[in-house]
Amino acid sequence: MEKFADEIKDFFQEKMQLYQTLKKVLEQEKKCIFDIDVEFLWDISERKNQLVTQIQSLRESLSALLEDHHISIPENRMALDFSQIIKSLPFDEEIKSQLKKEKVKLDLLKSEISDLAKENRRYVNEHLSIISDIFSTVVNSGNNDQYNPFGKISNNASAKRLIREEV
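**Student:** Sorry, what's going on with helix α2 (residues 38-68) here?
**Tutor:** Counting along an α-helix, one turn takes 3.6 residues, and residues three or four places apart therefore face a common direction. Taking 1.5 Å of rise per residue, the 31 residues of α2 would be expected to cover 45 Å, and the 45 Å separating its terminal C-alpha atoms lies within 8% of that figure. Those residues of α2 lying buried are I44, L51, I55, L58, R59, L62, S63, L65 and L66. Where α2 terminates, the next one or two residues include H70, which has phi positive at roughly 60°.

**Student:** Please explain the packing of helix α1 (residues 2-35) against α2 as it appears in this structure.
**Tutor:** Each pair of packed helices gets described by two things: the angle between the helix axes and the distance between those axes. Close contact between α1 and α2 brings their axes to 10 Å; oriented N to C, the two are set at 165°. Accordingly, the angle class assigned to the pair α1 and α2 is roughly antiparallel. Judged by the twist between their axes, the crossing of α1 over α2 is left-handed. Here the residues of the contact of α1 with α2 are counted per class, giving 19 nonpolar, three polar and seven charged.

**Student:** What's the story with empty space enclosed by the protein in this structure? I'm lost.
**Tutor:** If you roll a probe as big as a water molecule over the atoms, it shows you where there is empty space left. The final tally for this structure, using the stated rule, is one cavity of 30 Å³ or more. By volume, the largest cavity amounts to about 40 Å³. As for the largest cavity, its lining consists of I8, F12, L62, F82, I85, I86 and L89. When residues of the lining of the largest cavity are traced back to their parent elements, those giving at least two are α1 and α3 (82-88).

Reading guide: rules and limits
Residues numbered from 1 in each chain as written. Predicted model: local features only at pLDDT ≥ 70, side-chain atom pairs only at ≥ 80, totals over all residues. Heavy atoms only, no water. Helix = DSSP H or I, 4+ residues; strand = E, 2+ residues; numbered from the N terminus. Expected span 1.5 Å × (residues − 1). Buried < 20%, exposed > 50% of the residue type's maximum accessible area, 1.4 Å probe, protein only. Axes fitted to C-alpha atoms, helices over the stretch in contact; angles between N-to-C directions. Parallel < 35°, antiparallel > 145°, perpendicular 65-115°, else oblique. Left-handed = near helix turned anticlockwise from the far one by under 90°. Nonpolar A, V, L, I, M, F, W, Y, C, P; charged D, E, K, R; others polar. 1 Å grid on protein atoms, 1.4 Å probe; cavity = no way out; pocket = protein on both sides within 12 Å on 5 of 7 lines; lining within 4 Å. Points joined across faces, edges and corners; volume = space filled by probe spheres on them.

Here it is as structure tokens:
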């Protein structure tokens, strides 16, 4: 049973490392967005995809480990609730307490990552808006009535933009 507990602990540590790496990558992405380093942004995008694939693979490994030890898991493996899994593990309370602490740390890290991703998405949208405005000014594409007299974007403004943002 001790080996099983160590494997679960190793899972949390490995997952924590992957999420910490993802956080660092998102921080690098933020810098690249500000620097408008498109080439490096493509590299970062590829790195994020690799990390997500590794995290999904790790999740599948945990599911297989739990099944091997006859721990019930939901059929939808993406809906794994680690709190429920920890409660159902046949470990003493000390080990469960350690696992719960690791889960809380992981949840906090996930929250930070989510905030960073939202912030990066917002920066990308802002930069695309600025670039679109610059192009419309340079090209003089007739966007004079893009904004209404109250400073808000007109309903038909998206059709007149040279660049549209998609995230």
